[in-house]
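# Working through the structure, step by step
Below, each chain spelled out in residue letters.
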Amino acid sequence: MEAAMQATYQALPKNKHGLLSRSAAAYLVQRYVMQVDRYSIRGLGPDPAGAETTANDHSNHPQQTSVPEMLQSLLESHNGGHGLSLHDVASLAVMMRKLVMLLDRDLVYRAFYTLTHMNMFTENEELSDLSMQTVVKVIQAWDWLHWHDFDSDRDFYVDAMTVPTHVMDEFGKLAMVLMEAKFY
């Protein structure tokens, strides 16, 4: 990963300590993740203290609320709060990828759980041989759970999962076409 980031890292401006500011590190992680994994990380944003951060400045930022910000602070602290090295930026990207994967895995499990709890799977359907309709339901539930809380929006979830929409219908047709094309 460091090798893939090396050229961009070299091109980015460094502070007087030869390290990246938070905003430059965030840019590098976002760029790498977007190129490799095709997603963006919310909360990995600009340096709240500017390019020149010091250890003293860092302790005055108790409003850090996002996991990416906390990870950036943690990594930066071992350099005396002066910035982030290439290794730090690559470590941040690895940690963010792991967090995203864990979140997605948990949401897929939750999607299966909630759909099973609502009796939305056909009888005798095994997880190893899911129908396209079931896969579409799980993807829809996974997407819904990214943006909503099942416990507080349970009625909305039931409506969203049981009342077909035009988008669901079109996505189902697209999924079927892709699946059929795979077998040719």
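First, a word on what this report is: a plain description of the structure on this page. Keep in mind the model is a prediction, meaning the values are calculated, not measured. (Residues numbered from 1 in each chain as written. Predicted model: local features only at pLDDT ≥ 70, side-chain atom pairs only at ≥ 80, totals over all residues. Heavy atoms only, no water.)

On to the overall build of the protein. Each helix and strand in the protein was counted, giving 8 helices and 0 strands. Its helices and strands in sequence order give the protein the pattern α-α-α-α-α-α-α-α, from N to C terminus. Out of the 184 residues in the protein, the part that is buried amounts to 36%. Across the protein, the fraction of contacts at a sequence separation of at least 24, relative to all contacts at a separation of at least 6, is 61%. (Helix = DSSP H or I, 4+ residues; strand = E, 2+ residues; numbered from the N terminus. Buried < 20%, exposed > 50% of the residue type's maximum accessible area, 1.4 Å probe, protein only. Contact = heavy atoms within 4.5 Å.)

A separate point is the pattern of salt bridges. Side-chain pairs of opposite charge can arise whenever the charged atoms involved come near each other. If you walk through the whole model with that rule in mind, you get 4 salt bridges. A salt bridge links Arg97 to Asp37; the shortest N-O distance between them is 3.0 Å. Highlighted residues: Arg97 in helix H5 (residues 86-117) and Asp37 in the loop between helix H2 (22-36) and helix H3 (55-59), separated in sequence by 60 residues. Its salt-bridge partner being Asp151, residue Arg110 comes within 3.5 Å of it at the nearest N-O pair. A residue pair is termed long-range when its members are at least 10 positions apart, and Arg110 in helix H5 and Asp151 in the loop between helix H6 (132-147) and helix H7 (154-162) qualify at 41 residues. By relative accessible area, Arg110 is classed as partly exposed at 30%. Connected through salt bridges with shared partners, the residues Arg110, Asp151 and Arg154 form a single ionic network. (Salt bridge = Lys/Arg side-chain N within 4 Å of Asp/Glu carboxyl O.)

On the surface, a cluster of nonpolar side chains totalling about 300 Å² of accessible area is made up of Val67, Met70, Leu99 and Leu102. Elements represented by at least two residues in the nonpolar patch include exactly helix H4 (67-77) and H5. Along the polypeptide, Leu102 turns up in helix H5. (Patch = residues over 30% accessible without salt bridge, like charges linked within 9 Å, V, L, I, M, F, W, Y side chains within 5 Å. Areas by Shrake-Rupley, 256 points an atom, 1.4 Å probe, with all protein chains shown as cover.)

Proteins that are soluble and globular tend to have nonpolar side chains buried together. In terms of nonpolar packing, the biggest core is built from 22 residues, with Met5, Leu20, Leu28, Val29, Val89 and Leu92 touching the most fellow members. Secondary structure elements with two or more residues in this core: helix H1 (2-11), H2, H4 and H5. When residues of this core are assigned to their parent elements, the largest contribution, 7 residues, is made by H2. With near-sequence residues (within four places) excluded, Leu28 lies in contact with Met5, Thr8, Tyr9, Leu12, Leu20 and Val89. Membership of the second largest hydrophobic core comes to 14 residues, among which are Ala111, Trp144, Leu145 and Phe150. (Core = buried A, V, L, I, M, F, W, Y, C linked by side-chain atoms within 4.5 Å.)

The next point concerns the packing of aromatic side chains. By the definition in use, this model includes 3 aromatic pairs. Note on Trp144 and Phe156: the rings are 5.8 Å apart at their centroids and 50° apart in plane angle, and the pair reads as tilted. One end of the pair, Trp144, is in helix H6; the other, Phe156, is in helix H7, with 12 residues separating them in the sequence. Residue Trp144 is classed as buried on the basis of its relative accessible area of 7%. For Phe156, a relative accessible area of 44% translates into the label partly exposed. Seen in terms of ring centroids, Phe150 and Tyr157 are 5.0 Å apart; in terms of plane orientation they differ by 90°. Their pairing is edge-to-face. Cluster of aromatic residues (ring-pair linked, three or more members): Trp144, Phe150, Phe156 and Tyr157. Positioned above the aromatic ring of Tyr9 is the side chain of Lys14, whose terminal nitrogen or guanidinium carbon lies 4.6 Å from the ring centre. (Phe/Tyr/Trp six-rings, centres within 6.5 Å; stacked < 30°, edge-to-face > 60°. Lys NZ or Arg CZ within 6 Å of the ring centre and 35° of its normal.)

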